[in-house]
Amino acid sequence: MSESVVAEEVDVTSGQTMVNNKIQFSKEVKQVIDKVLKTDEQDPMDAPDFNTVDYINQIFPNEQSLATIDETIQRMQCEVSLIDDNIRSVVRGQTNTGQDGQLALCEAQKVISSLFSHIIDVKTRAERTEEMVKEITRDIKQLDCAKRNLTSAITTLNHLHMLVGGIESLNELIERRSYGEILNPLQAITEVNQHFQQYSDIEEIKNLSQSVDKIQVTLAQQITEDFKDAFASKPSSQHRLGLNQLGDACKVLSVLDAKVKKELLKWFIAQQLEEYMHLFHENQDIAWLDKIDKRYAWLKRHLLDFEDKYGAVFPLDWEVSERITVEFCRQTRQQLSQIMAKRTNEIDVRLLLFAINKTQAFEQLLSKRFTGVTLGATPAEQTRVLTLPTTAEAPLTITVFHDQIGQCFKTHLDIYIRSIDRNLSELLEKFIEMSKEPYKFAEAKTTVYPSSGDLFVFYKKCMVQCNQLSNEQPMYNLALVFKKYLREYASKVLEGSTPKLVPNSTSSSIGKSVSLLTRDMQNLSTAAGQVFHNFLKEGDTQRFARDDLVRICCVLTTGEYCLETVQQLEDKLKEKVTPAYVGKIDMSEEKDVFHRIISNCIQLLVQDLEAGCEASLQTMAKVQWQHISNVGDQSAFISSICSNFKQTVPTIRDTLASSRKYFTQFCHRFVAAFIPKFINVLYRCKLTLSDGSNNVLGCEQLLLDTHSLKSALLELPSVGSSVNRKAPTSYTKVVVKDMTRAEMIIKVVMTPVQPPAHFTQQVLKLLPDITIAEYQKILDMKAVKRVDQLQLIDLFKHTASAAAVSGLMDTPNSEEELPNASEAPANSTEDNESTAVSSTDSTTTTATASTSTPKRAFIFSVGSFTGSADKNADGSSQTGIRKLESLLKKRFP
């Protein structure tokens, strides 16, 4: 290894370094070398981590192996010699390579020089060849140019000969009126004359061009005169042309200026319609609308006669029949407009619709007969009649002749709208009479008034008919009429047929005073209003009969049907009317009217069911609970309430079977009004004995009755039903929450007042959101003396305040849980029904919200029990109470 290669330079980029004058390759370079020099057996000396000592120990592991040391040395020397020979051969080969490269470069330079010489020689020869070709073709180009000039001269001379000869022959043919022979020469000289326009500065050519123009003018005048003479009743000349000659003359006119044909057609069409203008003059009886079909019959006969006699005279592309028809439509429209303006008072709706129907049928007939090309119709419109989506009741077709005559009727469509108004007024009177008759629900097999369906069917027919007449201002006016009679139907039919309780002699004597007090009561507190409400209803036990309840439910379902159909009517009107009137059509007020009717019907049902429970609640308040000696079944007043439920609710539920969401809302409204009233009666019950102790048996009996009422209210939606349908979750939660509060009130009453601290804690535990007013009512139920009440109320305030401060960190969680307890699951179908019409329940919700118990924080906003003179324990205004007393004295002296 003494002859190992020593590197003189270090190449950093190739991944090799110099260590002890030996080349050290990087690991990556070594891997590449191994891949290139891959052999079946790897020589240990080629390993990058080769160790001489380890290798010798591997060859001679023991003393016995030293016997082969001479052979090993000899083999090593042979390998060294072989490596030296290889290195020597490589070095010599590199020396010879430099010399060979120099020789190859010199040879390449010689070849490039030779190639350049050849290219120069080829270029020189190409230039000489090009010069030779130019010399040869120079004479050919001259000959070609001479040929073109000669050809152009000959063609021009021929055209000039044709022009001169054609002018002479055309003058002769014009004198003889040989229009059949004129057509081809005229077309030829017209084209030739266009060819000579570039030589117009030559005097002779200019004169010839003027002669051609003069011939065209002469032909136009002569043919026009011939036409007028041919169709005149008394010809002015002896040269009256036949139909064949007139046909040839029309072909000649097609070659002349378009203005000539236009003027001729204008005169001819006016001449054809001259008889029509005389027959249907506005002074003639036949010109009035009742004989409008005679106008159209005249045109049909005239067109048949015209095409039979003169159809072969005019070319097909002139569309003479269509032009006559278009002019007929224009003049008819003008005549009808003038005569209707003068005789407006004589037009009634039947006559107007008769004329419009006849006109529309005639326009559709014209659209089938003619293409409309003279009206500027597009090719697509010329090949088909435009048909819009139609209904089976009234197909609607828009044609190319649409409104060519009918436009004159649009200014008088207000007569049609006024007629619709009168018809609806008569129809409404009929509906009012029908609503006064007893409604036979069993025979009708529907809870919706048939009159509502008849009304909307009539609306649909009117809308379809008006759409055929016009979908602009008349359609908008029709929508206004619809809105008017929707409100009339709601007020006079639905509200007018809604049963009302007939006041008895006592209540009727104060009816007027009650209406006057209603305005004054708006500023009074809720508690004062409740006292006054109870005062007015005391002794009033009037209720609706079963037929009245059914009638109220029918009014409700009819209102629901009208509400849904009004929305569809609004959408359909917006679809039919032109875009300019879409934003003006709005039936939100009418929908609000039907919403109010539905809400009023539900409120009447709630009031009736609530009135049936009034006597039972009064009985409950009169029971001597402190003298109850044993606990048995539910009390008689609870049985009376349940009996009232069984008698009333099934009738309402069965009648509202198709309006389940409104029945659910009825249940919600009832419990929202009834449970607070029950709790108010509960506060009036006396459960304390004369010695101040609670009558436990009375409390248990009242608790049992409350639980029975709770069960009855939970079963209220399905009471008396053969199908056990589960009540809505939202309804169940409201009943459970409010009735559980009533049960907690009784349990608080059962709790001994002594010791006061324990009693106060028990109150806050069972009724965490109780107010001071409610706390005082509980103390009254327990017959606590006023002096002791003041001490208990002060203790209650301090205890509640301390509890509120200690539970301040838990307030957000508790506030989140409270609303969730009364919310319905989002996936509950029944709950969706109960909230679908929540907008109609706003009035009742506001009325009953005042009876709900506020949060505990309200305790500290109502002032002290012995506070100022302007506030009492429940926060109601003392001034309001005094105002109520003064009003009662004024109204009832």
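The structure under discussion appears in the preceding block.
Everything quoted here is computed from the prediction, not taken from an experiment. (Residues numbered from 1 in each chain as written. Predicted model: local features only at pLDDT ≥ 70, side-chain atom pairs only at ≥ 80, totals over all residues. Heavy atoms only, no water.)

Turning our eyes to something else, we now look at the packing of aromatic side chains. Counting across every chain of the model gives 28 aromatic pairs. Feature note: the residues Phe227, Trp267, Phe268, Phe306, Tyr310, Phe314 and Trp318 constitute an aromatic cluster, connected by ring pairs. It is Lys584 that lies over the ring of Tyr476; its NZ or CZ is 5.9 Å from the centre. (Phe/Tyr/Trp six-rings, centres within 6.5 Å; stacked < 30°, edge-to-face > 60°. Lys NZ or Arg CZ within 6 Å of the ring centre and 35° of its normal.)

Let us look at helix H7 (residues 258-272). In this model H7 runs 21 Å from its N-terminal to its C-terminal C-alpha over 15 residues, within 8% of the 21 Å that 1.5 Å per residue would give. Looking only at H7, the buried set comprises Val260, Leu264, Leu265, Phe268, Ile269 and Gln272. Relative to the axis of H7, the buried residues are bounded by an arc of 155° and lie together on one face. Exposed and oriented more than 90 degrees from the buried face of H7 are Lys259, Lys262, Glu263 and Lys266. (Helix = DSSP H or I, 4+ residues; strand = E, 2+ residues; numbered from the N terminus. Expected span 1.5 Å × (residues − 1). Buried < 20%, exposed > 50% of the residue type's maximum accessible area, 1.4 Å probe, protein only. Arc of directions from axis to C-beta.)

Where helix H23 (residues 636-655) meets helix H24 (residues 660-683), the closest approach of the two axes is 11 Å, and the angle between their N-to-C directions is 155°. Here H23 lies roughly antiparallel to H24, going by the angle between them. The two elements H23 and H24 meet at a crossing, and its hand is right-handed. Of the residues in H24, those touching H23 at Ile641, Phe645, Val649, Ile652 and Arg653 are Arg660, Phe663, Phe666, Phe670 and Phe674. Along the lines of polarity and charge, the residues of the contact of H23 with H24 split into 8 nonpolar, no polar and 2 charged. (Axes fitted to C-alpha atoms, helices over the stretch in contact; angles between N-to-C directions. Parallel < 35°, antiparallel > 145°, perpendicular 65-115°, else oblique. Left-handed = near helix turned anticlockwise from the far one by under 90°. Contact = heavy atoms within 4.5 Å. Nonpolar A, V, L, I, M, F, W, Y, C, P; charged D, E, K, R; others polar.)

Next up on the list: a negative patch on the surface. Negative charge collects at one region of the surface, where Asp34, Asp43, Asp46 and Glu79 lie side by side. Using a relative accessible area of 45% as the deciding quantity, one classes Asp34 as partly exposed. (Patch = residues over 30% accessible without salt bridge, like charges linked within 9 Å, V, L, I, M, F, W, Y side chains within 5 Å. Areas by Shrake-Rupley, 256 points an atom, 1.4 Å probe, with all protein chains shown as cover. Salt bridge = Lys/Arg side-chain N within 4 Å of Asp/Glu carboxyl O. Lys, Arg positive; Asp, Glu negative; His and termini not counted. Charge placed at Lys NZ, Arg CZ, Asp CG, Glu CD.)

Moving on to the environment of Pro756. Within the secondary structure, Pro756 is located in helix H27 (residues 756-766). Residue classification places Pro756 among the partly exposed residues on the basis of a relative accessible area of 27%. Note: C-alpha distance between Pro756 and Phe796 (40 residues apart in sequence) is 9.0 Å. If sequence neighbours within four positions are ignored, Pro756 has contacts with Leu792 and Leu795.

The subject of this paragraph is the environment of Trp267. Assignment of secondary structure puts Trp267 in helix H7. Linking Trp267 and Thr224, residues 43 residues apart in sequence, is a C-alpha distance of 9.5 Å. Ignoring sequence-local partners within four residues, the contact set of Trp267 consists of Phe227, Lys228 and Phe231.

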